[in-house]
Structure formats: structure tokens, C-alpha cells
Amino acid sequence: MKVLMIGGTALVGPEVIRELTGDGFAVVSTLTRSGRSYYFETAFTGDRDNENALFNALNEVNPDVIIDMIPFTVKNAEILASMCRRLDAMPRLIAVSSIDVYRAYGRLSKTEDAPHQPSPIREDMALRTAYGPEGAAYDKIGVERIYREAFVDLTILRMPAIYGWPDKTRVQFYLDQMLKGATKIKIPKDRASFKFSRCLHKNAAFAISLAVRSDLVGQRIYNVAEPPTFTEYEWAQRIAQHCGWPGDFEVSEPNEEAFKPLQHFEVDTQAIRNELGFEEKFDPAAGLADTIAFYAYSKFGKQYEKYY
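In this text the structure is predicted, and so the values were computed from the model without any measurement.

Caption draft 1: Focus on the side chain of Ser 98. Tracing the backbone through its elements, the reader meets Ser 98 in strand S5 (residues 92–98). Residue classification places Ser 98 among the buried residues on the basis of a relative accessible area of 10%. Among the polar contacts listed, one links the side chain of Ser 98 to the backbone nitrogen of Asp 100, at a separation of 3.0 Å. Not counting residues up to four positions away in its chain, the partners in contact with Ser 98 are Tyr 138, Lys 140, Leu 157, Arg 158 and Met 159.

Caption draft 2: Representation of the packing of aromatic side chains. Per the stated rule, a full pass over the model turns up 12 aromatic pairs. Taken together, a centroid distance of 5.9 Å and an interplanar angle of 15° make the contact between Phe 194 and Phe 196 stacked. Over the ring of Tyr 38 we find Arg 36, and its NZ or CZ is 4.0 Å from the ring centre. Across the ring face of Phe 282, the terminal group of Lys 202 is positioned such that the distance to the ring centre comes to 5.5 Å.

Caption draft 3: Here's a closer look at the pattern of salt bridges. Under the definition given, this model contains 15 salt bridges. Here Arg 148 ties to Glu 144 by a salt bridge, and the two come within 3.6 Å at their closest N and O atoms. Of this pair, Arg 148 and Glu 144 both sit in helix H5 (residues 140–150), 4 residues apart, roughly one helical turn. Accessibility expressed as a relative area gives 34% for Arg 148, which makes it partly exposed. For Glu 144, a relative accessible area of 1% translates into the label buried. For Glu 232, the salt bridge identified is with Arg 191, shortest N-O distance 3.6 Å. Separated by 41 residues along the polypeptide, Glu 232 in helix H9 (residues 232–243) and Arg 191 in helix H7 (residues 189–192) bring together distant segments of the chain. Given a relative accessible area of 7%, Glu 232 falls into the buried group. By relative accessible area, which is 27% here, Arg 191 ends up partly exposed. Overlapping salt bridges, with partners in common, bring together Glu 144, Arg 148 and Arg 158 in one network.

Caption draft 4: Local environment of the sheet that holds strand S3 (residues 42–45). Spatial ordering of the open sheet is given by S3-S2-S1-S4-S5-S6-S10, a layout of 7 strands whose pairing is parallel. One side of each edge strand has no neighbouring strand; the edge strands of this open sheet are S3 and strand S10 (219–223). Across the sheet, the mean angle separating the axes of adjacent strands is 20° when strand polarity is ignored. By the bridge criterion, 5 bridges tie strand S6 (residues 154–159) to S10 in an arrangement that is parallel. Along S10, the bridge assignment pairs Leu 154 with Gln 219. Sitting on the sheet, helix H2 (residues 51–61) is in contact with strand S1 (2–6), strand S2 (27–32), S3 and strand S4 (65–68), with an inclination near 165° to S1.

Caption draft 5: Focus on H9. End to end, H9 covers 17 Å across 12 residues, agreeing with the expected 16 Å (1.5 Å per residue, within 8%). The complete set of buried residues in H9 reads Glu 232, Trp 235, Ala 236, Arg 238, Ile 239, Ala 240 and Cys 243. A positive backbone phi angle near 70° is found at Gly 244, which sits one or two residues after H9.

Cut-offs applied
- Residues numbered from 1 in each chain as written.
- Predicted model: local features only at pLDDT ≥ 70, side-chain atom pairs only at ≥ 80, totals over all residues.
- Heavy atoms only, no water.
- Helix = DSSP H or I, 4+ residues; strand = E, 2+ residues; numbered from the N terminus.
- Buried < 20%, exposed > 50% of the residue type's maximum accessible area, 1.4 Å probe, protein only.
- Polar contact = N/O pair within 3.5 Å; in protein donor to acceptor, adjacent residues only side chain to side chain.
- Contact = heavy atoms within 4.5 Å.
- Phe/Tyr/Trp six-rings, centres within 6.5 Å; stacked < 30°, edge-to-face > 60°.
- Lys NZ or Arg CZ within 6 Å of the ring centre and 35° of its normal.
- Salt bridge = Lys/Arg side-chain N within 4 Å of Asp/Glu carboxyl O.
- Pairing = 2+ DSSP bridges.
- Axes fitted to C-alpha atoms, helices over the stretch in contact; angles between N-to-C directions.
- Expected span 1.5 Å × (residues − 1).

If you want it as C-alpha cells, here you go:
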């Protein structure tokens, strides 16, 4: 099978390549601005919105499947759909989207006046009716719409918050305080009880690889996330446990500037588990522990080498 992956140079993409090439299932090529090759895949250099660069990669690879790791705007989607129409046959498309397409996110981000949304959120539940905080520069709803119109065989994977090294954003806030010697960390009460779906980057990559490997035809949409869905307080506790922090958490009254979540943001993942056989191939606890260890060592040096 010939696969062309667009983007994905940082966190999840390299793990997708490993999943697909490790047993020789697929020949993977990539199109990125850096033109970097992670393993032995063929790497094309170019901006995805440069029609010449995109079509050159598509025409040379003639992929059976395209994995679009970074479809952010309607323009991104329109250009890819247009270039694919110039091929002899439309490839199958795996599009990486986000759970922030749901109306629950519009309620959380206060970008629209939405009623409370039941949780966990299923794939058939209401989507946002307005742009998110980033505006048209990040429009996954528009991307999904264009792709549903253009591709007969399409799998949309709606991803949650992704964690795993080298990303540090999901652990940094609490871990910095712990490693700098804080003895007490405050978590506002509303945020402490807030549930938010997450997924280790390697498990997200495994989900993408299953979509590529599947023989399903037609259009499918799947939520991807790991159980259980931790509250913010439970997530902070897990970080503390993995780095051996001896301090305490204090659930405090929120100040006026604090984020006050209006509901949980937990998604239902039964569809991808039932239809594609998705399960956590990699231990989330071990993945979080590795993320913490690598970050501690990279930032604070040899005094934290015992975690590395």
C-alpha cells in the first residue's frame, strides 16, 4: 500500500510512520515544509498550500491512502481536494480532526451561547455553529465539510488533547512548580473537577494506523481518546505520582480571571473500538512517566537524571 502523509513532523506523525512501516504494511511518503525524513520514507519538500508542490508529491506517489495530519483551514482542504481530482482515481483520505468541533467546545470557549451538552460526547452530537477562538485560521468544521463533499472514502479522526514527549504543554504547568520546589499547588475548584479527554501520542498514532489498515469503504467519523477520562485534579495527581513530588494540592476558590469550565469535555470512543478494534497499544501511565522524565532532564539537568 502506498501512503502519502501531509504534515505530522513533530509529535504523532513519526509514530504513525513506525506503525505503518514496522511490519512492511505500507510504503510511506511525506510532504512537509522541512522535507525531513524521520526513518527511510521518501520525503517531499513543500508547503501544503503550494499547488505545484502538492500535486508533484501526489502525482509521483500516486497514493492509495492520504493521511492529512494538519488540515487547519478550508483553504487547506479545498486545495487538497482539487489536486486529488487531477489524479486518475481519488485516493482514500484519513483526516485528523479534533474534538473541538463539538458544540460543547463552543460552550466551554464561550464563542457561542450553547446549552449544556450531554457527556460523554458521541460522534453524532451537535457541532459548533461559530468559529472557535482562533477564527477562520483554525476551522476543523469547515475542513470536515469540504472533505465530506469531495471524498467518497473518508475517515475523520477527532482527536482530544494529545500528550507525550517531545510535547510538554500537558504537563508543564504543574511539573515546573513541582520541580522548582513548591510544597503546595492550588487548583481552582471548578477546574479541579473538570473532565477533559486525553490520549498518548503513540496511541493516537495507532488509531490512525488502524484507519489506514482498515478495509472500510464510505465515510466514517471516530472519536479517539483514552479511558478513563481524568479530572484536572486527578491529572495533576498523576504527574505528582510519576515525579515523586511530596507536596500537597489545595482546591481553592477561583479568582475572576480563572477558567471556569461550564461542563465536562469527555468523548465516547466506542465506535472506533467496536468497528476498528482500537485499544491502547501503549501504556498511558508509562507514556506519561516518560514525558515527565524527559522534560525534567531536558530542563533541569542532571539533578533529575534518576527520572531519565
